[in-house]
Amino acid sequence: MANVVAKVPSMISSALTQARPKFNIFMKYARVELAPPKLSEIPQIKAGIAKLLTSAKTGAWKQQTVKQATLNTLVGAEVLFWFFVGECIGKRHFVGYKV
């Protein structure tokens, strides 16, 4: 028992040493991907929404490959999933609201 307790500090130290490079990579991407949009990016967002609406009106979405359609479906399902998870977190219950 004493032998295991003596090894704990060195195990923690080696775990932190191994985790630090991966954490730095995570932080590098998190700063970029999780940041809110800048004011300079708003025209690009508007153009993207306009392109999406035009595609929906003209039927260009019918010309997608199966791979693109599958990817778009998965992204839509992910957004929907996170919406419902956020709802559950917000109301603090899985079913219904407290009235």
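Because the structure is predicted, anything quoted here is derived from the model rather than measured.

### Side note on the overall build of the protein
The secondary structure content of the protein amounts to three helices and zero strands. What you see for the protein is a C-alpha radius of gyration of 23 Å, clearly larger than the 13 Å of a compact globule of 99 residues, by over 25%. Taking all 99 residues of the protein together, 3% fall into the buried category. The distance from the centre of the 14 positive side-chain charges to the centre of the 4 negative ones in the protein is 4 Å.

### A short note on the environment of Trp61
With respect to the secondary-structure elements, Trp61 resides in the loop between helix 2 (42–58) and helix 3 (66–91). The spatial distance from the C-alpha of Trp61 to the C-alpha of Lys28 is 34 Å, given a sequence separation of 33 residues. The residues contacting Trp61, other than those within four sequence positions of it, are Ser55 and Ala56.

### Observations regarding the confidence of the model for the protein
For the protein, per-residue confidence averages 89 on the pLDDT scale, and 95% of positions sit at 70 or higher. Within the protein, helix 1 (residues 2–33) has the poorest average pLDDT of any element, 89, and helix 2 the best, 93.

### Digging into helix 1
Over its 32 residues, helix 1 extends 46 Å from the first C-alpha to the last, a length consistent with the 46 Å expected when each residue adds 1.5 Å. Arg20 marks where helix 1 bends most, by close to 35°; the proline Pro21 follows one to four residues later.

### What to know about the packing of aromatic side chains
Taken as a whole, this structure holds three aromatic pairs when the rule is applied. Centroid distance Phe23 to Phe26: 6.3 Å. Interplanar angle 35°. Geometry classified as tilted. Here the residue Phe23 and the residue Phe26 both occupy positions in helix 1, the gap between them amounting to three residues, near one helical turn. Classification of Phe26 by relative accessible area gives partly exposed; the value is 49%. Residues Phe83 and Phe84 carry aromatic rings whose centres are separated by 5.3 Å and whose planes lie at 70° to one another, so their mutual orientation is edge-to-face. The class of Phe83 is partly exposed, set by a relative accessible area of 47%.

What counts, and at which threshold
- Residues numbered from 1 in each chain as written.
- Predicted model: local features only at pLDDT ≥ 70, side-chain atom pairs only at ≥ 80, totals over all residues.
- Heavy atoms only, no water.
- Helix = DSSP H or I, 4+ residues; strand = E, 2+ residues; numbered from the N terminus.
- Rg over C-alpha atoms; globule rule 2.2 N^0.38 Å.
- Buried < 20%, exposed > 50% of the residue type's maximum accessible area, 1.4 Å probe, protein only.
- Lys, Arg positive; Asp, Glu negative; His and termini not counted.
- Charge placed at Lys NZ, Arg CZ, Asp CG, Glu CD.
- Contact = heavy atoms within 4.5 Å.
- pLDDT = per-residue confidence, 0-100.
- Expected span 1.5 Å × (residues − 1).
- Bend = angle between axes of the 7 residues up to and from the residue.
- Phe/Tyr/Trp six-rings, centres within 6.5 Å; stacked < 30°, edge-to-face > 60°.

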